[in-house]
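Listed below, chain by chain, are the residues.
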Amino acid sequence: MATLHPKLSDEHSQTVVSSTKSVKIKIKRSNPNVNSEERFDDFVVPIEKWTTVLDVLLDVKSHLDHSVGVRYSCRQASCGSCGMKINGKPALACFTKISELNSDTVTVEPMDNFPVVRDLAVSFERMINNHKKVMPYVIRDDSEIDPESGMREFLQSPENVDKYIQFSSCIKCGLCNSACPTMAMDKTFVGPQALAQAYRYIADERDKGKNKRLKVIDESHGIWRCHFAGSCSQVCPKGVDPAMGIQLLRGYLLGIRD
Amino acid sequence: MERETGAREGLKGWINPGKIGKFGIERLAWLLMRLTGLGLLAYFIGHIYETSHILDGKAVWDKSLEMTQTTEGHLFLALVIGMCVFHTGNGIRLMIAQMGYGIGKAERPDYPYKPQSINMKGKACIYATLGMAALAMWYGMAVMFA
Ligand code: HEM
Ligand code: SF4
Ligand code: FES
């Protein structure tokens, strides 16, 4: 068996691992498949400086109540699964530390403007459908697979990449759609998530699908429903700034940009 | 299949003042734009009705003018002035922003991601518009109550 270097094993961690602090977490519970009842369940969980809201929820699930419904996967703000309302504002549970909330009580609810599946998990079906509607891929008649020479690349300049790279960071977490006041009134609105993606592909020099996409968003529940309240951009955890994408996108339809 | 619970937040999604604290002055501007737009529309319809009294002769016309010659009437008109100024000023800001000007330039985002479209230029415009609306209301009242 390998033994630790004596010097190293003498060392002690400076970090206090045993918690002295705790947080009260209020979790909104509901199961629309069974009945329309909604309630808050409270749990008290020990926390450290680095504990995230997702850590707390998983602690509750492991030790206090296994039945809490929460969706997550990557735990590092990459998969977009764990969006929820934390103290009233949409945020990623894995990307929000309890310590930054400056509150002894943390309330978590499912995101607004999405149908609830159970507890904190919401259905993304409509958002993903809208995302698909804007054709989130490079549209071209030719292909990167060339029958004569084999493979080739559709080249683009670094300057062109800068134009859309910000929008390609979208992780489809839906926080923007849940913050949007238009979405709150109009569930058929295409939404900031999909509109930002429409811009992402239109701004890509390799793409030839501009007119097709503009046709999709230039309809009564499309881009014109955006009133630039900017709330989508306030909550986006990846710096996508959907509100900017939407206003730039309008430029194509208004004939300012081509 | 899940039911439609929470599929849209409804009216409380925009009237709820808690949202403004969470989503910033831009959200307040959005709400005021809507309220002043609807307020002006209501005023516009009322105004057509009021001025149509001119067809009923001088006596009726004079009487209808008296409606706003009261303290409440003056305060109401001051509110209309405020709504006009805010709606126009903010409308101009929105038209410029919605054409893609003053909302920053797309670039590689860096942590901590700050949305460029929500910037000091826009905020300054909103505060200036609110200030101008207040000033116009104050001036209007100074004239009406003189
Ligand atoms: C110079 C004067 C005006 C300007 C520059 C202006 C500008 C605008 C703009 C740009 C919008 C769209 C805002 C957005 O995208 O959310 C808007 C909305 C609106 N305006 Fe005006 N407007 C003016 C006068 C009026 C008047 C006189 C009325 C009423 C008779 C009015 C009623 C409305 C209404 C009801 C809305 C819809 C509000 C909403 O959907 O949130 N506007 N205005
Ligand atoms: S634009 Fe931002 S907030 Fe909206 S889905 Fe993409 S990553 Fe989430
Ligand atoms: S768990 Fe993947 S984004 Fe939070």
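A quick note: this is a predicted structure, and the numbers were derived from the prediction, not measured.

Caption draft 1: Structural detail: the confidence of the model for chain B. For chain B, per-residue confidence averages 91 on the pLDDT scale, and residues scoring 70 or more make up 95% of the total. For this predicted complex, the interface score ipTM comes out at 0.89, while the overall pTM is 0.90.

Caption draft 2: Examining helix α7 (residues 191-202) of chain A more closely. Residues and elements named next belong to chain A. In a regular helix each residue adds 1.5 Å, so 12 residues correspond to 16 Å; α7 covers 17 Å between its end C-alpha atoms and thus fits that length. The element α7 is largely enclosed, with a buried count of 12 among its 12 residues. All buried positions along α7 are accounted for by Gly191, Pro192, Gln193, Ala194, Leu195, Ala196, Gln197, Ala198, Tyr199, Arg200, Tyr201 and Ile202.

Caption draft 3: Structural detail: the coordination of the iron atom of ligand 1. Inspection of the coordination sphere of the iron atom of ligand 1 shows a single protein donor, His87(B) (NE2), at 2.0 Å. Examined against the element boundaries, His87(B) turns out to sit in helix α5 (residues 71-98).

Caption draft 4: Main features of the site of ligand 2. All names here are of chain A. Around ligand 2, 13 residues are found, and the nearest of them are Cys170, Cys173, Gly174, Cys176 and Cys236. If you map ligand 2 onto the pockets, it falls in the second largest cavity. Looking at the shell around ligand 2 residue by residue, the classes come out as nine nonpolar, two polar and two charged.

Caption draft 5: Highlighting the site of ligand 1. Taken together, 14 residues surround ligand 1, and among them His227(A), Arg34(B), Gly37(B), His87(B) and Gln98(B) come closest. What surrounds ligand 1 is not a single chain but chains A and B. Arg34(B) is positioned such that a nitrogen or oxygen atom in its side chain is 2.8 Å from an oxygen atom of ligand 1. Those elements giving two or more residues to the shell around ligand 1 turn out to be α3 (25-51) and α5 of chain B. If you tally residues by element for the shell around ligand 1, the top one is α3(B), at seven residues. A class-by-class count of the residues in the shell around ligand 1 yields seven nonpolar, six polar and one charged.

Caption draft 6: Local environment of the domain arrangement of chain A. All names here are of chain A. Once the domains are mapped, chain A shows domain 1 (21-122) and domain 2 (125-253). The centre of domain 1, based on its C-alpha atoms, is set 29 Å off from the matching centre of domain 2. Taken together, the contacts link 16 residues of domain 1 with 17 residues of domain 2. Taking both sides of the interface into account, the surface hidden between domain 1 and domain 2 amounts to around 1,100 Å²; carbon and sulfur atoms contribute 63%. When residues of domain 1 are sorted by the area they lose upon contact with domain 2, Pro90, Asn113 and Phe114 head the list and together hold 42% of the total. Applying the counting rule to domain 1 against domain 2 returns zero salt bridges. Counting across the interface, domain 1 meets domain 2 through three residue pairs in polar contact (both at pLDDT 80 or more). Counting residues per element, the side of domain 1 that touches domain 2 draws most heavily on strand β4 (residues 89-92), which supplies four residues. Considering only residue class, the side of domain 1 that touches domain 2 consists of 10 nonpolar, four polar and two charged.

Caption draft 7: The arrangement of the layout of surface pockets in detail. Residues and elements named next belong to chain A. The computed volume of the largest pocket comes to approximately 610 Å³. Taken together, 22 residues form the lining of the largest pocket, with Glu100, Gln234, Val235, Cys236 and Pro237 sitting closest to its centre. Elements with a minimum of two residues in the lining of the largest pocket: β4 and α9 (231-235). In terms of residue count, the dominant contributor to the lining of the largest pocket is β4 (four residues).

Caption draft 8: Quick look at the packing of aromatic side chains. Applying the stated criterion across every chain yields a total of six aromatic pairs over all chains. Centre to centre, the rings of Phe95(A) and Tyr111(B) are 6.2 Å apart; their planes meet at 70°, and the pair counts as edge-to-face. Of this pair, Phe95(A) sits in the loop between β4 and β5 (105-109) while Tyr111(B) is found in the loop between α5 and α6 (120-144), placing the two residues in two different chains. With relative accessibility at 35%, the residue Phe95(A) sits in the partly exposed group. Plain terms: the ring middles of Tyr43(B) and Phe76(B) are 6.0 Å apart, the flat faces sit at 45° to each other, and that makes the pair tilted.

Caption draft 9: Layout of helix α10 (residues 242-254) of chain A. With 13 residues, α10(A) should reach 18 Å at 1.5 Å per residue; the first-to-last C-alpha distance of 18 Å fits that figure. Where α10(A) terminates, the next one or two residues include Gly255(A), which has phi positive at roughly 80°.

Caption draft 10: View of the sheet that holds strand β2 (residues 38-47) of chain A. All names here are of chain A. Taken in spatial order, the five strands make up an open sheet running β2-β1-β5-β3-β4, and their pairing is mixed. In the strand order of this sheet, the two ends are held by β2 and β4, each with one partner. Direction aside, neighbouring strands of the sheet carry axes that sit 35° apart on average. Bridge count for strand β3 (residues 83-86) against β4 is four bridges, and the pairing is antiparallel. From the neighbouring strand, glycine 83 faces β4, where its bridge partner is leucine 92. Here helix α2 (residues 53-64) sits on the sheet and contacts β1 (21-30), β2, β3 and β5; the angle it forms with β2, its principal contact strand, is near 100°.

Scoring rules and cut-offs
Residues numbered from 1 in each chain as written. Chains lettered and ligands numbered in written order. Predicted model: local features only at pLDDT ≥ 70, side-chain atom pairs only at ≥ 80, totals over all residues. Heavy atoms only, no water. pLDDT = per-residue confidence, 0-100. Helix = DSSP H or I, 4+ residues; strand = E, 2+ residues; numbered from the N terminus. Expected span 1.5 Å × (residues − 1). Buried < 20%, exposed > 50% of the residue type's maximum accessible area, 1.4 Å probe, protein only. Donors = N, O, S within 2.8 Å, 3.2 Å for Na, K, Ca; no water. Near = heavy atom within 4 Å. 1 Å grid on protein atoms, 1.4 Å probe; cavity = no way out; pocket = protein on both sides within 12 Å on 5 of 7 lines; lining within 4 Å. Sits in = over half its atoms within 2 Å of the grid points. Nonpolar A, V, L, I, M, F, W, Y, C, P; charged D, E, K, R; others polar. Polar contact = N/O pair within 3.5 Å; in protein donor to acceptor, adjacent residues only side chain to side chain. Domains from an automatic or database assignment. Contact = heavy atoms within 4.5 Å. Buried area = accessible area lost by both parts, 1.4 Å probe. Salt bridge = Lys/Arg side-chain N within 4 Å of Asp/Glu carboxyl O. Points joined across faces, edges and corners; volume = space filled by probe spheres on them. Phe/Tyr/Trp six-rings, centres within 6.5 Å; stacked < 30°, edge-to-face > 60°. Pairing = 2+ DSSP bridges. Axes fitted to C-alpha atoms, helices over the stretch in contact; angles between N-to-C directions.

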